[in-house]
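Listed here are the chains, written in short residue letters.
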Amino acid sequence: MYQVQAPQAVLPPVPPRPERVLSREWRRLVDHSAAAGILSRPLFGRLPLRPVLSQDVHSVLDYVAGAALVGAGVAAGGGAAKAAGWALGGGVLGVSLLTDYRLSLTKLVPIEAHELADYAYGLGAVLAPFVFGYAKRHPGVAAVHVLVGAVTVVASLFTDYRCQTGMHLGGELATDPEGIGA
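Residues numbered from 1 in each chain as written. Predicted model: local features only at pLDDT ≥ 70, side-chain atom pairs only at ≥ 80, totals over all residues. Heavy atoms only, no water.

Undergrad: For this particular structure, what's the right way to read the nonpolar core?
TA: Most often, soluble globular proteins have nonpolar side chains that are buried together. Leu 69, Ala 81, Leu 88, Tyr 121, Ala 128, Tyr 134 and Val 141 are the most contacted members of the largest nonpolar core, which has 15 residues in total. Elements represented by at least two residues in this core include exactly α2 (55–76), α3 (79–98), α4 (111–131) and α5 (139–157). Once residues within four sequence positions are removed from consideration, Val 141 is found in contact with Ala 72, Gly 73, Ala 76, Ala 81 and Tyr 134. (Core = buried A, V, L, I, M, F, W, Y, C linked by side-chain atoms within 4.5 Å. Buried < 20%, exposed > 50% of the residue type's maximum accessible area, 1.4 Å probe, protein only. Helix = DSSP H or I, 4+ residues; strand = E, 2+ residues; numbered from the N terminus. Contact = heavy atoms within 4.5 Å.)

Here's what the structure looks like:
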């Protein structure tokens, strides 16, 4: 027959623990989902080689690289090393502040143009100490410029470039079905 059981106490649901700020920001930095932005078009149909570095991590690296280039140039005291540091670092910081990605001030530069600029200033930073002749006079500054340039080029080869508004070099929006691959 039927047995009558005593009513069991119903516990209220346990609210989820709030996510810590550091955990939330880390999760956002390594985000490769659609929430991270709109994929860029492959540069020259091939680049980046393998998109494993998130756009946000790359953005932070851009700001650090720009500051390092400027700082090394200022440490040189004057001459070609200082001018190269200011020109390269200022260019990096300027493009980064104006690029169409999450960590920029405003969205004016298409992400593909930013990718081209990454390769250009990376190679420029590697070559500048030798082209402008300050590699022997300021070896520390030259080492910083070469290291930052090499890291920039390598990071660019493996960055998952994404834009926020859909701005591309051709001018079409990524959400426009006729714009890409038509």
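Undergrad: Would you take a moment to explain α3 for this structure?
TA: Note: α-helices contain 3.6 residues per turn, so residues at a spacing of three or four share the same orientation. With 20 residues, α3 extends 28 Å between its outermost C-alpha atoms, agreeing within 8% with the 28 Å of an ideal straight helix rising 1.5 Å per residue. By the burial criterion, the buried members of α3 are Ala 81, Ala 84, Gly 85, Leu 88, Gly 89, Val 92 and Ser 96. Viewed end-on, α3 has its buried residues packed into an arc of 105 degrees, placing them on one side of the element. In this structure, α3 carries Gly 79 and Ala 87 as exposed residues pointing more than 90 degrees from its buried face. Packing partners of the buried residues in α3 comprise α2, α4 and α5. (Expected span 1.5 Å × (residues − 1). Arc of directions from axis to C-beta.)

Undergrad: In this structure, what is going on with the pattern of salt bridges? I would like to understand it.
TA: Side chains that differ in charge, positive against negative, can pair when their charged atoms come close. Under the counting rule described, the total for this entry stands at one salt bridge. Between Arg 102 and Asp 56 there is a salt bridge; the shortest N-O distance is 2.6 Å. With Arg 102 in the loop between α3 and α4 and Asp 56 in helix α2, this residue pair connects regions lying 46 residues apart in the sequence. The exposure class assigned to Arg 102 is partly exposed, which follows from its relative accessible area of 22%. A relative accessible area of 2% places Asp 56 in the buried class. (Salt bridge = Lys/Arg side-chain N within 4 Å of Asp/Glu carboxyl O.)

Undergrad: Mind showing me how you'd approach the environment of Pro 48 here?
TA: Counting through the fold element by element, Pro 48 comes out in the loop between β1 (38–39) and β2 (53–54). By relative accessible area, Pro 48 is classed as buried at 16%. For Pro 48 and Thr 159, which are 111 residues apart along the polypeptide, the C-alpha to C-alpha distance reads 6.5 Å. Excluding anything up to four places from it in sequence, Pro 48 contacts Glu 115, Tyr 119, Ser 156, Leu 157, Phe 158, Thr 159 and Tyr 161.

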